[in-house]
Structures are given as C-alpha cells and as structure tokens.
There are 2 protein chains.
Amino acid sequence: MTIKVELGTTLLARNDELAAEIQYLCEKNKIFLVNIMSSPGAGKTTLLEKTLPKLKERLRVAIIEGDIATTRDADRISAQGVTAVQLNTNGGCHLDARMIYQSMEKLNLAQLDLIIVENIGNLVCPAEFNLGEDLRIVLLSTTEGNDKIVKYPLMFREAQILVVNKTDLLPYTDFDLKELEQDALAINPALQLHYVSARQSQGIDAFAGQLADYALKKAYRRWH
Amino acid sequence: MTIKVELGTTLLARNDELAAEIQYLCEKNKIFLVNIMSSPGAGKTTLLEKTLPKLKERLRVAIIEGDIATTRDADRISAQGVTAVQLNTNGGCHLDARMIYQSMEKLNLAQLDLIIVENIGNLVCPAEFNLGEDLRIVLLSTTEGNDKIVKYPLMFREAQILVVNKTDLLPYTDFDLKELEQDALAINPALQLHYVSARQSQGIDAFAGQLADYALKKAYRRWH
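Residues numbered from 1 in each chain as written. Chains lettered and ligands numbered in written order. Predicted model: local features only at pLDDT ≥ 70, side-chain atom pairs only at ≥ 80, totals over all residues. Heavy atoms only, no water.

A.B. asks: Outline the overall build of chain A, supporting the account with residue identities and numerical values.
C.D. replies: Helix and strand counts for chain A stand at 8 helices and 7 strands. Relative to a compact globule of 224 residues, whose C-alpha radius of gyration would be 17 Å, chain A shows 17 Å and is just as compact. Once the C-alpha set of chain A is aligned to its principal axes, its extents read approximately 50 × 45 × 35 Å. When each of the 224 residues of chain A is scored for burial, the buried share is 58%. By sequence separation, contacts in chain A at least 24 residues apart represent 73% of the contacts at least 6 residues apart. Entry remark: accessible area of chain A is about 9400 Å², with carbon and sulfur atoms responsible for 51%. A gap of 4 Å separates the mean positions of the 25 positive and 29 negative side-chain charges of chain A. (Helix = DSSP H or I, 4+ residues; strand = E, 2+ residues; numbered from the N terminus. Rg over C-alpha atoms; globule rule 2.2 N^0.38 Å. Buried < 20%, exposed > 50% of the residue type's maximum accessible area, 1.4 Å probe, protein only. Contact = heavy atoms within 4.5 Å. Areas by Shrake-Rupley, 256 points an atom, 1.4 Å probe, with all protein chains shown as cover. Lys, Arg positive; Asp, Glu negative; His and termini not counted. Charge placed at Lys NZ, Arg CZ, Asp CG, Glu CD.)

Shown next, in the form of structure tokens:
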C-alpha cells in the first residue's frame, strides 16, 4: 500500500512538472490554453463546432482532440478549417500533461492565440490531472440530470466555467435549473454559468465572446 | 516505468483473485450477480427503480450502489423496499472486486437470488475491472449519441446486454438506431439489445423478464 501511494504521488508530481513546462510555453507564446471536460455525449465536439466560427473571426485557434480509439471528433473539427491534433489514449481514461506537451510540439505555437483541449468523455479522472491550462470548462447536458454536481464534485469544484448544454431538451427532462445553480455555487462560488443548446446554436455568442475575450487579453500582452 | 507496469499487473491479478472468491460465494449461494455500467446520467438508477418492482415479484434482490460521494442513489433504491448497500469510492472512478466482496459481507447471502451492482458513472475505467459478475449490462442513452459505441469500444465489447435508454427523447436527437445496431454488433456480435424509456416505463417488462429468467435459472440449481 505504501509503495502504491508513493508511486501515485510521483506520477502526479511528474505531471505537475510537465504542466509547468506547458504553462511556460503558453506564457512565452501568449497562448491561452483551455481544457474542456464532460461526460461522454454531453456535446463537447458539437459545442466546439458551433463556437469555432466565432472564435476564428478574432483569434488563431488550434484544437487538441483527446479520444480513446477513433479520429471522429478530430475529423469534425478539421471540417471547420481549424487545425486539430488527434490524441489517442488507446483505452486511457484521461489526458495528462505529457500528452498535451507532445501535442503542442506538433503545432506552430508562434502562430496561435488559443488552444482548446477536448478531454476524454469522463466526469471523474480528467479532473485530477493538471494540464497547465489557463481555464477549465465543464459541460453538463440537461439530459444527464442536475444531481451530477453533487455526485461528481471534484470536476465542478476545479472548473471556472460550467456550460449547461441541451437546454432545448429541458421541457422533456426533470432537470431542475434552480437546484443546479444552488448546488454548483455551494461547491464553487466563483463558477460562471452559461446556458446553451449547441445543436440549435443558442447561447453560443455569449460563450464564444467570453472565451475570445479571455484569450485576447493574454494575446495583447505580446505588445504591451 | 517497469515498476509501474508490474504493479498494475499485480493490482489486476489481485482483483481477479478476489473476483474468483466472489464467483465462489455466488455459486455456493446460487446468487446471480449483475454489473450495470454507463456514463453519468444515462439512467442506471431510474432503470433500477422501474425494474425492481417486477424483479421483486419473482426474486429476492439486493442492490450494491457505487457512488463517488453521496448516498442519493441508495436512498432512491431503499425507497423501493429493497436492501441497498452504499459503497462510496471517495473520488475513485470505478468499483473493484475488493469493494464488492466487502459489500457482500454485509448482506445475508443465503436469503438472496440476485445482486445488482450499480457501478460509477463512467464508460471507461469500470470495464477493466472484473467483479466476478454473471452478467454485464451497459446502458446508453439516446441523448449521448450513437457514436459512443466506437468511441468507447471496450465497454460494449465486454457487455452481454446493451440497454438503449431515453427512447422517448429520440425525436429530439440525431441518434441513429440503425448505425448503433451495426456498430454494436460489429464490435460484439453476441450483444443483446433492449430499447427502453425508464422514465416512461417503456420496455421495462421485457428487460426485467430476461433478468429474472437468468437469475431464476441459477437459483433453480439449488434444488436440482
């Protein structure tokens, strides 16, 4: 048991070292790094598909697509005319800093303002791994139920933005928006909430606007 | 690195040893052990709530409720008049054989025909841990998208039954039932499919009937 705990510590410490390297690279190039996480099927890729056209108007963007086995999501992102690095974990349940560092080596960092990492669909393990990101976004779809906040607390505690997706399906679910807000803010009082229907392109402008503002604020520091 | 791999192997080998102990206990008591897995919010607990009244007519049932942090699901199951053992993983992303063995020690096994384990909401990690179960069920909700089969293949390859839930929301999604069936049977030709809307109690009779038949078949061996 002792050996296991120590190894775990070493593993996370090594991850934090690499995360610091990523932060250094992003600071040097004034790149804003975003980590998007959610359950499988909450709509991360659809949200990106709808958000990228808005982001592209103001920023130079690349996507790092985490996937267990396929290139489906990266193909959907490439179809938007945005560079997508495909990262296959071959069964692995989360992305770690080493994977992100290796993906960034394949990108021309001097030509980028924003990198968005789409993590593996999983509400548990990805929350434990620091990727050196500037911003953590968690996506929750209304069809998953509002009890997910209290059932998977770490993910919602570690995020700065919560995007509630599939609001178009609200009338057909028992999802309780009031309870969600109460539970989310009790766990994480600084959490910012967005309500969107990615499929129906609702709420996208406000979300994309906030993301672009954050990234531009960092990019401006190149000249000031 | 070598140490890490060896430890992983030891960990899974130890898990398999305990899974064999569970199989022995279940065989001795002629208990049918079921492991239900899915993404967060796919509807495992709601499916159980609707299925339990049917199962109780024919069998003596107990539930082992895996949860990261709360007792919410166990409370919902207890409300059905069924014994529920609450198993909190304190952040852990899956259930392992040790946890199931310890939970079974709290149950009166001589008075049971069926134990259903509700695993942690996660399509990745739970698939890797053998619990000594007789049957693996994976639940997929239509709002998650039919691409989950190819994106999380291990889970669907290791299951014997796939329950497609939230069929009442099909008209509001892009879910493609034909593609789902093709992909599922390509990965796992023996997979049995059920279509249900747990919330609207559709398809529950057929699902509960099959589960009860399996469990009774094992229970009958007590006397024959």
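A.B. asks: Can you break down the sheet that holds strand β4 (residues 114-118) of chain A residue by residue, with the values?
C.D. replies: All names here are of chain A. Pairing in this open sheet of 7 strands is parallel, and the strands run β3-β2-β4-β1-β5-β6-β7 from one edge to the other. Every other strand in the sheet has two partners, leaving β3 (83-88) and β7 (192-195) as the edge strands with one partner each. This sheet shows a mean twist of 20° between the axes of neighbouring strands, independent of strand direction. Inspection of the sheet shows strand β2 (residues 61-67) paired to β4 by 5 bridges, in the parallel sense. From the neighbouring strand, A62 faces β4, where its bridge partner is I115. Contacts from helix α2 (residues 44-58) reach β1 (32-38), β2, β4, β5 (135-141) and β6 (161-165), with the element oriented near 170° to β4. Along the sheet, helix α4 (residues 97-104) contacts β2, β3 and β4; its crossing angle with β3, the most-contacted strand, is approximately 140°. (Pairing = 2+ DSSP bridges. Axes fitted to C-alpha atoms, helices over the stretch in contact; angles between N-to-C directions.)

A.B. asks: Outline the relation of the copies chain A and chain B, supporting the account with residue identities and numerical values.
C.D. replies: Take chain A, turn it by 180°, move it 0.0 Å along the axis, and it overlays chain B with an RMSD of 0.0 Å. These values place the two chain copies in the arrangement generated by a two-fold rotation axis. Looking at chain A, 100% of its interface residues are interface residues in chain B too, so the copies touch through the same face. (Least-squares fit on C-alpha atoms with pLDDT ≥ 70 in both.)

A.B. asks: Can you lay out the sheet that holds strand β2 (residues 61-67) of chain B for me, pointing to particular residues and giving the numbers?
C.D. replies: Residues and elements named next belong to chain B. Spatially, β3-β2-β4-β1-β5-β6-β7 is the arrangement adopted by the 7 strands of the open sheet, whose pairing is parallel. Strand pairing shows two members of the sheet lacking a second neighbour, β3 (83-88) and β7 (192-195), which therefore form its edges. Across the sheet, the axes of successive neighbouring strands diverge by a mean angle of 20°, strand direction being ignored. The pairing of strand β6 (residues 161-165) with β7 spans 4 bridges and is parallel. Within β7, the position partnered with V164 by the bridge is Y195. Packing of helix α7 (residues 177-187) onto the sheet brings it into contact with β5 (135-141), β6 and β7, and relative to β7 it is tilted by some 155°. Contacting β1 (32-38), β4 (114-118), β5, β6 and β7, helix α8 (residues 204-220) crosses the sheet at an angle of about 135° to β7.

A.B. asks: So what's going on with the interface of chain A and chain B? Residues and values would help.
C.D. replies: On the chain B side, the residues contacting the 40 residues of chain A number 40 residues. For the interface between chain A and chain B, the tally reads 6 salt bridges. Among the ionic pairs, A:K151 bridges to B:D67, the shortest N-O distance being 3.9 Å. The interface formed by chain A and chain B includes 11 residue pairs in polar contact (both at pLDDT 80 or more). Those elements giving two or more residues to the side of chain A that touches chain B turn out to be α1 (2-29), α3 (72-78), α5 (148-151) and α7 (177-187) of chain A. Counting residues per element, the side of chain A that touches chain B draws most heavily on α1(A), which supplies 4 residues. Across the side of chain A that touches chain B, the residue classes break down as 16 nonpolar, 9 polar and 15 charged. (Salt bridge = Lys/Arg side-chain N within 4 Å of Asp/Glu carboxyl O. Polar contact = N/O pair within 3.5 Å; in protein donor to acceptor, adjacent residues only side chain to side chain. Nonpolar A, V, L, I, M, F, W, Y, C, P; charged D, E, K, R; others polar.)

A.B. asks: I'd like a description of the pattern of salt bridges, backed by residues and values.
C.D. replies: Residue and element names in this part refer to chain A. In this structure the tally under the stated criterion is 32 salt bridges over all chains. For the salt bridge of K54 with D205, the shortest nitrogen-to-oxygen distance reads 3.0 Å. Separated by 151 residues along the polypeptide, K54 in helix α2 and D205 in helix α8 (residues 204-220) bring together distant segments of the chain. Overall, K54 belongs to the partly exposed group, its relative accessible area being 34%. Note on D205: relative accessible area 52%, which makes it exposed.

A.B. asks: Just give me the short version of unusual backbone geometry, but keep the residues and values in it.
C.D. replies: All names here are of chain A. Of note, the phi angle at K30 is positive, near 50°, even though the residue is not glycine. Relative to the helices and strands, K30 resides in the loop between α1 and β1. Residue K30 is classed as buried on the basis of its relative accessible area of 14%. Phi at N90 takes a positive value of approximately 50°, unusual for a residue other than glycine.

A.B. asks: Just give me the short version of the packing of aromatic side chains, but keep the residues and values in it.
C.D. replies: Applying the stated criterion to the full structure yields 3 aromatic pairs over all chains. Taking 5.9 Å as the distance between ring centres and 15° as the angle between the ring planes, the aromatic pair formed by A:F32 and A:Y214 counts as stacked. Of this pair, A:F32 sits in strand β1 while A:Y214 sits in helix α8, placing them 182 residues apart in sequence. Here A:F32 falls in the buried class, since its relative accessible area comes to 7%. With centroids separated by 3.7 Å and ring planes inclined at 10°, the aromatic side chains of A:Y172 and B:Y172 adopt a geometry described as stacked. Of this pair, A:Y172 sits in the loop between β6 and α7 while B:Y172 sits in the loop between β6 and α7, each in a different chain. (Phe/Tyr/Trp six-rings, centres within 6.5 Å; stacked < 30°, edge-to-face > 60°.)

A.B. asks: Which residues make up the side chain of B:D96, and what values go with them?
C.D. replies: Residue and element names in this part refer to chain B. Note that D96 resides in the loop between β3 and α4 (97-104). One buried charged residue, D96, remains without a salt bridge, the closest side chain of opposite sign being R98 at 4.0 Å. At a separation of 3.2 Å, a polar atom in the side chain of D96 contacts the main-chain amide nitrogen of R98. With near-sequence residues (within four places) excluded, D96 lies in contact with N15, F129 and L131.

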